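Read off the chains here:
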Amino acid sequence: MSLPEFDSVQLRHSLLSWYTQTGRNLPWRNSRDPYQIWISEIMLQQTQVKTVIPYYQRWLETFPTVKDLAEADLQAVLKVWQGLGYYARARNLHACAQQIVQQYDGVFPNQLEAALSLPGIGRTTAGGVLSAAYNLPVSILDGNVKRVLARLRALSVPPAKSLKSLWEWSDSLLDPDHPREFNQAIMDLGAMVCTPKAPNCSECPWKRHCQAYLLNLQSEIPMREISAPLPHKMIGVAVIWNQQGQILIDKRPAKGLLGGLWEFPGGKLEAGETLEECIKREIQEELAIEIEVKDHLITIEHAYTHFKVTLNVYHCRYMSGEPQPLECDEIRWVTLDEIEQFPFPKANEKIIAALKNNS
DNA sequence: GACACGTGGAC
DNA sequence: TGTCCAAGTGT
């Protein structure tokens, strides 16, 4: 079900003409260095351009080359990534850099199969890097392209239900003579004109070809998936002080949610339990120590992708026992001055800020 | 194919 | 305040 070749030629021409006049000037577009382009593609996964730009610049100052990244400590990598979310991206970036140094002499591979075998590199990121760095004709299907193509063809189901067709349309539309510009252009079209809400159809170079526009369905397409309400968890969190004025923090297991980041220990409130009981129980289960729960410090509401939490944070006093890393990777006693060297998730950063305000 | 995986901006 | 969703990948 590819587009007629005649349409593809017209669509390519009108899009590239629009892009030449209107396309964005973004930092990574001034580079053809596959390392810099790869970093930008990973940071841009599920993350807005405005958010990425300062992280991108700081990253390249800290890790200017693949080799610098490969030789860095994972904790240092996570610290630079801190706040961007989806931390598996940072862990994969680090592992991927080491693989590129070992297997590809420090140069991002210029073959699709090799790129796809690397950790954190899926089909869209591979297409993004290979087209932008090497001008190779590899298509992409990110959120922008999905929305543009769903509207162009008036797709009657949510994009996730029709990925095969969308990939075929992206493949057949890609300009084989200008793959670098075409992929950037179709993403700019989605970001600047064919936006999720209130698209600027009057400015669109594809308005005469767009089935959604011609049927006045641009507000209904792409179709939404029905989503269940997010579960909510009440969490008790302990800021445990010892007699030296140090605080106990723990490093989360390397994989899974917030893997490799540090946190204040705590856990889920169970039915019929007070927050004080919850905190004492969790600290005994996780660290095998006795504490006394003292004053309330702060309450934090935070939403993750698949659930919401309320963090009820309390000052606590260390009483007895030798802390054991029973459910974490590592434990440390740190001062308030030392704590900022460690990567923390956003919700925990708010706890640190509250501690600094009160001291 | 469905679900896990962070955070911030827009409305 | 709540909901959507942003240059997706791994399992």
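These numbers were taken from a predicted model, which means no experiment stands behind them.

Novice: Could you give an account of the environment of leucine 84, with specific residues and numbers?
Specialist: Take leucine 84: it is sitting in the loop between α5 (74-81) and α6 (88-104). Given a relative accessible area of 8%, leucine 84 falls into the buried group. As a C-alpha pair, leucine 84 and isoleucine 37 span 47 residues in sequence and 17 Å in three-dimensional space. Excluding anything up to four places from it in sequence, leucine 84 contacts Met43, Thr47, Thr51, Tyr55 and Arg89.

Novice: Any chance you could break down the UniProt feature "binding site: Mg(2+)" (unreviewed entry) in chain A for me, citing the residues and the numbers?
Specialist: The UniProt feature table records "binding site: Mg(2+)" (unreviewed entry) at Gly266 and Glu286. Over a stretch of 21 residues, the named residues converge on one spot in the fold, their C-alpha atoms separated by at most 8.2 Å. Lining the second largest pocket, from the residues just named, are Gly266 and Glu286. Note on placement: glycine 266 falls in strand β4 (residues 266-268). Relative to the helices and strands, glutamate 286 resides in helix α13 (residues 275-287). With a relative accessible area of 11%, glutamate 286 lands in the buried category. Not counting chain neighbours up to four residues away, the residues in contact with glutamate 286 comprise Pro265, Gly266, Gly267, Gln324, Pro325, Leu326 and Glu327.

Novice: I'd like to hear about the state of the cysteines, residue by residue, with values.
Specialist: Evaluation of the coordinates by the stated rule reveals 0 disulfides. Distance from the sulfur of cysteine 316, which forms no disulfide, to the nearest cysteine sulfur (cysteine 278) is 10 Å. On the accessibility criterion, cysteine 316 (2% relative accessible area) is buried.

Novice: Describe in detail the protein's contact with DNA strand B, supporting the description with residues and values.
Specialist: Surrounding DNA strand B, one finds 20 residues, the nearest of these being Tyr87, Leu258, Thr305, His306 and Lys346. In DNA strand B, atoms within 4 Å of the protein come from the sugar-phosphate backbone in 59% of cases. Residue lysine 346 places a main-chain N or O atom 2.9 Å away from a phosphate oxygen belonging to DNA strand B. Taken together, the residues that form the surface near DNA strand B break down as 8 nonpolar, 8 polar and 4 charged.

Novice: Report on the pattern of salt bridges, specifying residues and quantitative values.
Specialist: Two side chains with opposite charge may pair up if their charged atoms get near one another. Within the structure shown, the criterion is met by 16 salt bridges. A salt bridge links aspartate 188 to arginine 29, with the nearest nitrogen and oxygen atoms 2.7 Å apart. One end of the pair, aspartate 188, is in helix α11 (residues 179-192); the other, arginine 29, is in the loop between α1 (5-22) and α2 (34-43), with 159 residues separating them in the sequence. You can call aspartate 188 buried: its relative accessible area is 0%. Glutamate 292 serves as the salt-bridge partner of lysine 294, at 3.8 Å between the closest nitrogen and oxygen. By relative accessible area, glutamate 292 is classed as partly exposed at 29%. Here the residues in one salt-bridge network are Glu270, Glu273, Arg281, Glu282 and Glu285, joined through shared partners.

Novice: Any chance you could break down the layout of surface pockets for me, citing the residues and the numbers?
Specialist: Space inside the largest pocket adds up to approximately 1700 Å³. Residue lining of the largest pocket: 47 residues in total, with Leu44, Gln46, Asp142, Gly143 and Asn144 positioned closest to the centre. Secondary-structure elements contributing two or more residues to the lining of the largest pocket are α2, α8 (123-134), α9 (143-152) and α11. Ranked by residue count, the leading element in the lining of the largest pocket is α11, at 6 residues. Along the lines of polarity and charge, the residues of the lining of the largest pocket split into 17 nonpolar, 16 polar and 14 charged. Taken as a whole, the second largest pocket holds about 490 Å³ of empty space. Its residues assigned to classes, the lining of the second largest pocket shows 14 nonpolar, 3 polar and 7 charged.

Novice: So, empty space enclosed by the protein: which residues are in play, and what are the values?
Specialist: Once rolled over the atoms, a probe with the size of a water molecule shows which space is left empty. By the definition in use, this model includes 1 cavity of 30 Å³ or more. By volume, the largest cavity amounts to about 110 Å³. Residue lining of the largest cavity: 15 residues in total, with Arg151, Cys194, Cys201, Cys204 and Cys210 positioned closest to the centre. For the lining of the largest cavity, the leading source of residues is α9, giving 3 residues. Class assignment for the residues of the lining of the largest cavity results in 11 nonpolar, 2 polar and 2 charged.

Novice: I'd like a rundown of the protein's contact with DNA strand C, residues and numbers included.
Specialist: Taken together, 28 residues surround DNA strand C, and among them Leu44, Gln46, Gly120, Asp142 and Asn144 come closest. Across the atoms of DNA strand C situated within 4 Å of the protein, the share located in sugar and phosphate is 66%. The contact in question runs from a base nitrogen of DNA strand C to an N or O atom on the side chain of tryptophan 28, over 2.9 Å. Classifying every residue of the surface near DNA strand C gives 9 nonpolar, 11 polar and 8 charged.

About the cut-offs
- Residues numbered from 1 in each chain as written.
- Chains lettered and ligands numbered in written order.
- Predicted model: local features only at pLDDT ≥ 70, side-chain atom pairs only at ≥ 80, totals over all residues.
- Heavy atoms only, no water.
- Helix = DSSP H or I, 4+ residues; strand = E, 2+ residues; numbered from the N terminus.
- Buried < 20%, exposed > 50% of the residue type's maximum accessible area, 1.4 Å probe, protein only.
- Contact = heavy atoms within 4.5 Å.
- UniProt positions renumbered as here; feature names shortened; annotations may be inferred.
- 1 Å grid on protein atoms, 1.4 Å probe; cavity = no way out; pocket = protein on both sides within 12 Å on 5 of 7 lines; lining within 4 Å.
- Disulfide = S-S within 2.5 Å.
- Near = heavy atom within 4 Å.
- Polar contact = N/O pair within 3.5 Å; in protein donor to acceptor, adjacent residues only side chain to side chain.
- Nonpolar A, V, L, I, M, F, W, Y, C, P; charged D, E, K, R; others polar.
- Salt bridge = Lys/Arg side-chain N within 4 Å of Asp/Glu carboxyl O.
- Points joined across faces, edges and corners; volume = space filled by probe spheres on them.

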